[in-house]
Each structure stands twice: as C-alpha cells, then as structure tokens.
Amino acid sequence: MAVKININPFIAYALKRFGIMMLTFSVALFLIFILPRMIPGNPLASTIFRLTQGGITSPEQLKATERMLLETFKLYEPLHIQFVDFISKLIHGDLGTSILFYPLSVADLIALYLPWTLLLMIPAVSLSWFIGNYIGVVAAMNRNKFVDKVVLTIFMILQGVPPYVLGMYLILLLAVYMPIFPTGGGWPPGMVPRLSVEFVLAYLKHYILPFLSIFISSLGGWGLSMRSIAVQELASDYMEYTIRGVGLSQKKVVNYLFKCSALPQIVGLAIVLGWSVAGSVLTEIVFGYPGIGMIFWRAINAQDYPLIQGIFIIIIATLLLANYISELLFAYIDPRARYAYVGVQ
Amino acid sequence: MISSISSTIIRLFRIKKFAIGLLILLVVLFIGIVGPAIYEVSPTRTIGRRYVPPGEKYPLGTDALGRDVLAQFLHGIRGSLYVGAIASAISLSLAIFLGTIAAVFGGLVDKIVMTLSEILLLIPSILLMMLLAAYLPERSLWIVAVVIGITSWAGWCRGFRSRTLSILSSEFINLAILSGASRLNIIIRDIVPIIAPYVLAAFAMLFSYSIMAEVGLTLVGVGMTKDVTLGLMLYVAQIYANISQGIWWTIVPPSITVTLIFLSLYMIATSIDELFSYR
C-alpha cells in the first residue's frame, strides 16, 4: 500500500531551494578556504616576507602581525583541522582580525562600513527600478514612435556604460570642470560622522554624484526589460479590451500596465538589492566613498587576507539570501514555478 | 543551402543595428590589430615628463609615469581584445561541451553538470574571479583571461543544453536517422545550422562580458599586473587620482572604447537573436 504524503508544493519547493542554497554556500566557503592554501608560492608567506621588507618597521609589530596571520589561518595544522577550525569560528561569528586596521576585528569593520554602502545602494537601486520601469512602460505604449526610439537608444547606451565609468565622467564634469560637488570621499576630511544638520548636509553633497552614477546607469537595464514585458502584455486580449473597449485615458492605462508587468521585475529588484554590496565596490573605489567596497579595495592592495576573506563571506551570504527570497517570492506569485520544480500532484 | 545562408546574411545586414554594431567592432579591431604596428612607441617606457597634455609631440599626452598614452591606448585595445578572445573561447567551449554532453548523456552526467552550473550561477562569477585572482601573486593577460573564462560558462551551458534537448527530440532528426543519414551528416546538415546563430550570439555576449570583467577586475586591483589593457590604463589613472586632477586624456579614451566594444557586440548579439528567434 502506497502511502501518499501530501506536502504543500510551496513548502516542498522552499525546502528544495534551501538545500541548493546551503550546498552553494558550502561550496563557496570551501573555495574561500582552499584557494589561499592551494596556490603555489604561498601568498601568506609572501605577505609576511613583504611585511618584513617594508611597511612595518618595528619587530614587535611584525611579530604581532605574523602571529595574527598564523592564528587566523592556522597553517601549521593539518588541512582538515584547519577546515574544522575555520567553520567553527565562522559559526561563532569570528571572522578574524584585520591586518590593515589592526586591532579592529573583521566583523567590527564590516559592521562599521556596511551601513554606508546600504545607504548609497538601496535608495539608488530602488529609485532607478521605479523610474526605469515607468519609462519602459511609456516606451512600450508608444512602440515604434519617436519617443520609443529615443528611449531605446539612450537605454541601450546606458547599458554599455558601467556605473564606475559614468562616475568618472560625472566627477570630471561636475566636480572638476564645474566644481559644484566634491571629487570624492564621504564627508569633508576632519569631520566626524554624527547626526547634526551640518554633517548631514556635507554628507549629502558627497552623496549626490555616486548616487547619480548608480541611479542613471541602472535605468537602462530596467527600462529595456520592462519595455519588452509590457509590449507582450499589451498584445494580450484583456489589454486590447481595456484600451479599445473601455477607452481608459492614456495615463490610467500606463498605471495599469505598470502594475501588470511589474511582478517579474519585483523579483529582479530583490536580486539586484542582494547584489548591492558586490555591485557598489567599483563605484565606491572611483568616488572614494567609505563603504564596504572601499575597505575591500584597501584590503586587496594591502593583501589583508582575513579582511578579504571576511568580506567575501558576507557578500556571498547576502547574495544567496537575496536570491533565495526572490525565488520564494516568485514561486509565491507564480504557481507554475513551484509546480515545475516539484511536479503537479 | 548556400543560397539560404547568403539570403540570411543579407537579411542580417538589412538590420541597421547589426550593420552599425559590426562597423564599430571592425574599426576597434582594426585599431587594435594595426595600431601598435604603425605607432611604434613603447607603451611601458617612460618617454617624457608626466601629465603632458595631448599635443604635437604626444598625440594623447603622457600619463602619471611619463608614458605615451596613445601607445598605451593602442596596446591596451589589443590587450583587451586578447583577453576577450581567450576568455570567451574558453567559456564558450566549456558551455558547448558541458551543455551538449549533459543533454546527450542525461542521467547522472546531466545532474552533475546542472548542479555545478546552478552553483556557479548563484556565486557571481565576478566574485569568483576576484577570489581566484586575489590569491595569484602575478597576473598576466593569460591568467586573467583563463580566470574569466572558467568562471563564466554556466548560464550559456544551460542554454546549449536546452537547445540540444529540443533538437534531439524534434521530428526531423528522427526522420534523418530513419532515412539512413550518417551521424556526421546529421550534425553538419541539421544541427549546426540551427545552433550556429546561437553560438555566434553567445560568443558576442561572452566577448563583451569578458572585456568588461577584465576592466572591473583590474580596477579593483586583482586584475592585470603585467600586460597593458584598457583596464590597466583606468587602474593607473585611478591610483594616481587623475580624475580629480582633471587629467581626462588618460581616462576618456579607454572608457569610451570599452563602452563602444560592449555596445557593438550587444547590438550584434541582439540582432542575431531577433532574426533567428522569430522564425
């Protein structure tokens, strides 16, 4: 007698995707663990060697750095014990100590700089999602007309201009030739972040250019994908009915179309927000904006391996989580996705 | 057969987007291939004062280390094109090979390839590249290209798998087998014409993606350290804070070229896609 277990397909789908996510995270952790230990020439040893050559002059400091590197990576132990140690430290939230910002811990550094990255990325990405999609719908409504062609060309060019390149141009134009905004940084040197009118105003002045470069350069992608979704949507019978039959005004149709076509785009927004930490690295470097990307860059240039490793783990964890949430969101909205995975019972 | 191919090509050239894209790409290719041979100035030797603006002596000025920017630019285009070609060749072959064997063999092979590509899709390749490159002490053009190539095949691999599956299950293949055509004959006459445009589009997209990826990697500081590419030019300009000093000649030429390469390949790939997906 076959026992038929009825599991809610949504839960089955959620569990399966969770499994894939954890598998991926394990693979990523394994790669993060094994790569610095496998590469010939032992980058850790060469880092210590480099430190003896210059930079750190006092022998005590060198000893401390060496001890810290060995403590973080435990290279004298056999590989499997190193791995167990790596994982157990991670579970306890211990990401080690930074070399560059000694004696700050990696976790503290990330907690210190992450808010600035989120403060930049979340408003810029969300706003460009909204406006890009809206323009996409308007372009679809005016398909093959002049407006559509202009929008299409501009959006296509924007797609080919990465935010950091746009940022370089914005600095050249609006900070060097027309010195309206500062060329970089998060706030004037010497100022300490605190909640005062003076600081917020100074921060906003530094904020506008990086914000604009991310906002403008992501418009293209949203607009183009939204346009093609909306064009398909417009061809459907019920839209035909709404426009020709009911005779709604243009503005109302645009609003309606926006809502209909936005669903798949919401999923995209979740993914891109998850990307924001990884995606802002280059823009932050160009602007010298004090976020995660900036300290990542400094960590790489100083070969601060504990910090590099910690930032990788954080970025991958946020990405996987955002991706998982977007998958659940999509399955919740569209039942076909979950049935495709577990099969219709 | 021949006439159908030529009529397809004629139709492709009628698409304005394709013609413009191809024209831009050919110009960039020409500059990258012929440029360094005509303009015989070393891109890595200091030849004058630093930051000489563009003028008669140095057509594009000099950079932070007193090197000729035009020579850097020409060699940089060549270097970037090399990276794009090597990386996209690697990832395209991996994608085609793995996608096809997954579809043909099915079963366990299919499961392994699919899981592997799913994991690779979830971990963004740019991060994997950074991770790989961060731990490699010296990075030449080849190393960077190989790193980009082996991390960016996953999405296209899935595409090739589903294309192959749909071809294998279609009627005309069964008919061809029944009519006694040889395997080689089937592959050349039936499968290649269907898959060729897709390969071409994939190559164009991977090529532009690889060039962009190199610029990104190098700008972060985990890319090129030895050979001159467009990414390295921007990296040097960034390191010496050329932008905030208003030294545009080290920034504008490489960044515009990167955008042009991306746009031209994007135009080519989307035109191919549009033409063949509506048949």
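Refer to the preceding data block for the structure.
In this text the structure is predicted, and so the values were computed from the model without any measurement.

Thresholds applied
Residues numbered from 1 in each chain as written. Chains lettered and ligands numbered in written order. Predicted model: local features only at pLDDT ≥ 70, side-chain atom pairs only at ≥ 80, totals over all residues. Heavy atoms only, no water. Helix = DSSP H or I, 4+ residues; strand = E, 2+ residues; numbered from the N terminus. Buried < 20%, exposed > 50% of the residue type's maximum accessible area, 1.4 Å probe, protein only. Contact = heavy atoms within 4.5 Å. Areas by Shrake-Rupley, 256 points an atom, 1.4 Å probe, with all protein chains shown as cover. Lys, Arg positive; Asp, Glu negative; His and termini not counted. Charge placed at Lys NZ, Arg CZ, Asp CG, Glu CD. Axes fitted to C-alpha atoms, helices over the stretch in contact; angles between N-to-C directions. Parallel < 35°, antiparallel > 145°, perpendicular 65-115°, else oblique. Left-handed = near helix turned anticlockwise from the far one by under 90°. Nonpolar A, V, L, I, M, F, W, Y, C, P; charged D, E, K, R; others polar. Phe/Tyr/Trp six-rings, centres within 6.5 Å; stacked < 30°, edge-to-face > 60°. Salt bridge = Lys/Arg side-chain N within 4 Å of Asp/Glu carboxyl O. Polar contact = N/O pair within 3.5 Å; in protein donor to acceptor, adjacent residues only side chain to side chain.

### A look at the overall build of chain B
Across its full length, chain B carries 11 helices and 0 strands. Going from the N terminus to the C terminus, chain B shows its helices and strands as α-α-α-α-α-α-α-α-α-α-α. Across its three principal directions, the C-alpha atoms of chain B cover 75 × 45 × 25 Å. Sorting the 279 residues of chain B into buried and exposed places 53% on the buried side. The long-range share in chain B, meaning contacts at least 24 apart out of those at least 6 apart in sequence, stands at 73%. Summed over all atoms, the accessible surface of chain B reaches about 12,800 Å², with 69% contributed by carbon and sulfur. A gap of 2 Å separates the mean positions of the 19 positive and 13 negative side-chain charges of chain B.

### Section: the packing of helix α6 (residues 146-160) of chain A against helix α8 (residues 197-234) of chain A
Residues and elements named next belong to chain A. The N-to-C vectors of α6 and α8 enclose an angle of 130°; their axes lie 8 Å apart at closest approach. For the element pair α6 / α8, the angle class is oblique. Between α6 and α8 the crossing geometry is left-handed. Facing D148, L152, F155, M156, L158 and Q159 of α6, the residues of α8 in contact are I216, S217, L219, G220, G221, G223, L224 and R227. Its residues assigned to classes, the contact of α6 with α8 comprises 7 nonpolar, 5 polar and 2 charged.

### A closer look at the packing of aromatic side chains
Residue and element names in this part refer to chain B. By the definition in use, this model includes 17 aromatic pairs over all chains. Relative to W249, the ring of W248 lies with its centre 5.9 Å away and its plane at 90°, an arrangement referred to as edge-to-face. What makes W248 partly exposed here is its relative accessible area of 35%.

### A look at the packing of helix α9 (residues 183-220) of chain B against helix α10 (residues 230-239) of chain B
All names here are of chain B. Two numbers describe how α9 lies on α10: the axes approach to 8 Å, and their chain directions differ by 30°. On the basis of the axis angle, α9 is roughly parallel to α10. Handedness of the α9/α10 crossing: right-handed. Contacts from E214, V215, T218 and L219 in α9 reach L230, G231, L232, L234, Y235 and Q238 in α10. Here the residues of the contact of α9 with α10 are counted per class, giving 6 nonpolar, 3 polar and 1 charged.

### With respect to unusual backbone geometry
For A:N144, which is not a glycine, the phi torsion comes out positive at approximately 65°. Topologically, A:N144 is positioned in the loop between α5 (106-141) and α6. At B:A241, a position not held by glycine, the phi torsion is positive, near 50°. Examined against the element boundaries, B:A241 turns out to sit in the loop between α10 and α11 (252-277).

### Description of the interface of chain B and chain A
Accessible area lost when the parts come together is the quantity often used to give the size of an interface. Counting residues at the interface gives 42 residues for chain B and 44 residues for chain A. Of the charged contacts, one joins A:R17 and B:E118 as a salt bridge, the two residues approaching to 2.6 Å between their closest N and O atoms. At the surface where chain B touches chain A, the tally comes to 7 residue pairs in polar contact (both at pLDDT 80 or more). Elements with a contribution of two residues or more to the side of chain B that touches chain A: α4 (107-122), α5 (125-134), α9, α10 and α11 of chain B. The residue makeup of the side of chain B that touches chain A, split by class, is 31 nonpolar, 9 polar and 2 charged.

### Notes on the environment of B:L168
Residue and element names in this part refer to chain B. By the secondary structure assignment, L168 is in helix α7 (residues 154-168). On a C-alpha basis, the gap between L168 and I143 in space is 37 Å, while along the polypeptide they are 25 residues apart. Residues in contact with L168, not counting those within four places in the same chain, are A103 and V104.

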